[in-house]
Amino acid sequence: MTFSVDQFRSTIRQGIAMNNLFRVLLPSIDASPVSPYQLNVLCKSVNMPGRQILTNERNYGMKRQKVAYGYAQEDVSMTFHVLNDYGVKEYFENWMGMTVNFERGEVNYKKEYEKDVIIQQLKKDVIFDLSFNFQLPLGLELVGDVVTPDQIAYTCRLENAFPTTMNAIEFNNEANGTVELNVQLSYTDWTGETGFSLSKLTGGAFPSLPSLPGF
């Protein structure tokens, strides 16, 4: 395929998405020493989930075709930098403790530990409002990390998410090595939208949203 330089420039003038421009909005967990804003800052990497259509093969006359019967999706992986207070690890320990009472050996109801999680692709020249603090009804907290809708390229919402795996931390003798924590989140489903609509995210719970900074 051939194309001119002007065609290429015209196509990409809105900007190519950069994989280092992202943010995660994690829920507030009681008794955790680290805030959702700090978790976003300490998040080194995260994968936005994909989706696979499950199929079966059937014969239609002399042709064999694939027919969809459902879909599957993988867990979301997050990696965080760990500070000396180990607050990140304690945050996920507390969240996992909401799913299973390890002392009593009891499993709690899913509604007691499921939380929504937001993953966003940001555009260049993002503006951060460090003075803003707003609590969403979903248990998510926007603190010092609010951008305008035109600075958000894509929003993915993990519905009813909870941590299912917290990987081991490995120590070694490498000079200047840092500690990282990797966790996997399972969820019921995910939804995505271009940009970010807080009113859509909250189900229209805030009729005065236009007056909020950043929205």
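Fair warning: this is a prediction, and the values are worked out from it, not measured in the lab.

### As for the packing of aromatic side chains
The tally for this structure, following the rule as stated, stands at 5 aromatic pairs. Every member of this aromatic cluster is reached through a ring pair, and the members are Phe-80, Tyr-91, Phe-92 and Trp-95. The ring of Tyr-71 has Arg-51 sitting right over it, with the charged end atom 5.1 Å from the ring centre. When the ring centre of Trp-190 is taken as origin, the NZ or CZ atom of Arg-51, which lies over that ring, is 4.0 Å away.

### Some words on the pairing of strand β5 (residues 76-81)
On a regular strand, each side chain points to the face opposite its neighbour's, so the side chains alternate between the two faces of the sheet. Bridge analysis of strand β2 (residues 43-46) against β5 gives 3 bridges, and the strand direction is antiparallel. By the bridge assignment, Cys-43 is partnered in β5 with Phe-80. Relative to strand β12 (residues 180-186), β5 is paired through 6 bridges, and the arrangement is antiparallel. Pairing of Phe-80 across the sheet is with Leu-181, part of β12.

### So, the nonpolar core
Looking at soluble globular proteins, one finds that nonpolar side chains tend to be buried together. Of all hydrophobic cores here, the largest spans 28 residues; its most connected members are Leu-26, Met-78, Phe-80, Phe-92, Trp-95 and Leu-158. The set of elements that each furnish at least two residues to this core consists of α2 (36-42), β5, α3 (87-99), β8 (115-122), β11 (152-166) and β12.

### So, α3
In this model α3 runs 19 Å from its N-terminal to its C-terminal C-alpha over 13 residues, within 8% of the 18 Å that 1.5 Å per residue would give. Among all positions of α3, only Gly-87, Val-88, Tyr-91, Phe-92, Trp-95, Met-96 and Thr-99 are buried.

### Description of unusual backbone geometry
Trans peptide bonds make up the majority, and among non-glycine residues the majority have a negative phi. Positive phi, close to 70°, is recorded for Ala-31, a residue that is not glycine. You can call Ala-31 exposed: its relative accessible area is 70%. At Tyr-86, a position not held by glycine, the phi torsion is positive, near 55°. Within the secondary structure, Tyr-86 sits in the loop between β5 and α3. Take Tyr-86: its relative accessible area is 29%, and that puts it in the partly exposed class.

### Thoughts on the pattern of salt bridges
On inspection of all chains with the given rule, the structure shows 6 salt bridges. For the salt bridge of Arg-51 with Asp-189, the shortest nitrogen-to-oxygen distance reads 2.9 Å. Of this pair, Arg-51 sits in the loop between β2 and β3 (52-60) while Asp-189 sits in strand β13 (residues 189-194), and the two are 138 residues apart along the sequence. Owing to a relative accessible area of 42%, Arg-51 belongs among the partly exposed residues under this scheme. In this structure, the salt-bridge partner of Glu-114 is Lys-110, at a minimum N-O distance of 2.9 Å. Look at Glu-114 and you get partly exposed, because its relative accessible area is 23%.

### Let's talk about the environment of Lys-110
Mapped onto the elements, Lys-110 comes out in the loop between β7 (106-107) and β8. Note: C-alpha distance between Lys-110 and Met-98 (12 residues apart in sequence) is 9.2 Å. Discounting chain neighbours no more than four positions away, the residues touching Lys-110 are Asn-160, Phe-162 and Thr-188. Of the polar contacts made by the side chain of Lys-110, one reaches the side chain of Thr-188; its length is 3.2 Å.

### Some thoughts on the pairing of β12
For β12, the buried fraction is high: 6 of the 7 residues fall into the buried class. Of the strand pairs in this sheet, β11 and β12 are connected by 4 bridges, and their pairing is antiparallel. Within the sheet, the bridge partner assigned to Met-166 lies in β12 and is Val-183.

### A look at the confidence of the model for the chain
Mean pLDDT for the chain: 82, with 74% of residues reaching 70 or above. Below pLDDT 50 for its whole length, residues 202-215 participates in 25 contacts with residues either more than four positions away or in separate chains.

### So, the side chain of Thr-79
Counting through the fold element by element, Thr-79 comes out in strand β5. The buried category is assigned to Thr-79, whose relative accessible area is 12%. At 3.0 Å, the side chain of Thr-79 and the side chain of Asn-182 are in polar contact.

Rules of the game
- Sequence order sets the numbering: in each chain, residues are counted from 1 along the sequence as written.
- Predicted model: local features are reported for residues with pLDDT of at least 70 only, side-chain atom pairs are reported and counted for 80 or more only, and whole-chain, interface and lining totals are derived from all residues.
- Side-chain measures were taken over the full set of non-hydrogen atoms in the model, leaving aside hydrogen atoms and water.
- Two aromatic rings, drawn from Phe, Tyr or Trp (for Trp, its six-membered ring), form a pair once their centres lie within 6.5 Å of each other, and the interplanar angle then sorts them: stacked below 30 degrees, edge-to-face above 60, tilted otherwise.
- Ring-over charges, as used throughout, are those where CZ of Arg or NZ of Lys falls within 6 Å of the ring centre and within 35 degrees of the ring normal.
- By definition, two strands form a pair when at least two bridges between them are found by DSSP.
- Strands are runs of DSSP state E lasting at least 2 residues, helices are runs of H or I lasting at least 4, and numbering of each runs from the N terminus.
- The term nonpolar core refers to a set of buried residues drawn from Ala, Val, Leu, Ile, Met, Phe, Trp, Tyr and Cys, joined through side-chain atoms within 4.5 Å.
- Three exposure classes are used, based on accessible area relative to the maximum for each residue type with a 1.4 Å probe and protein chains only: buried under 20%, partly exposed in between, and exposed over 50%.
- In a helix, the anticipated span is given by 1.5 Å times the number of residues less one.
- A carboxyl oxygen of Asp or Glu within 4 Å of a side-chain nitrogen of Lys or Arg is what we treat as a salt bridge.
- Contacts are residue-level and defined by heavy atoms, with any inter-residue pair within 4.5 Å sufficient.
- We call two N or O atoms a polar contact when they sit within 3.5 Å, provided that within protein one can donate a hydrogen and the other can accept it, with sequence-adjacent residues counted only if both atoms are side-chain atoms.
- How sure the predictor is of each residue is captured by pLDDT, a score from 0 to 100.

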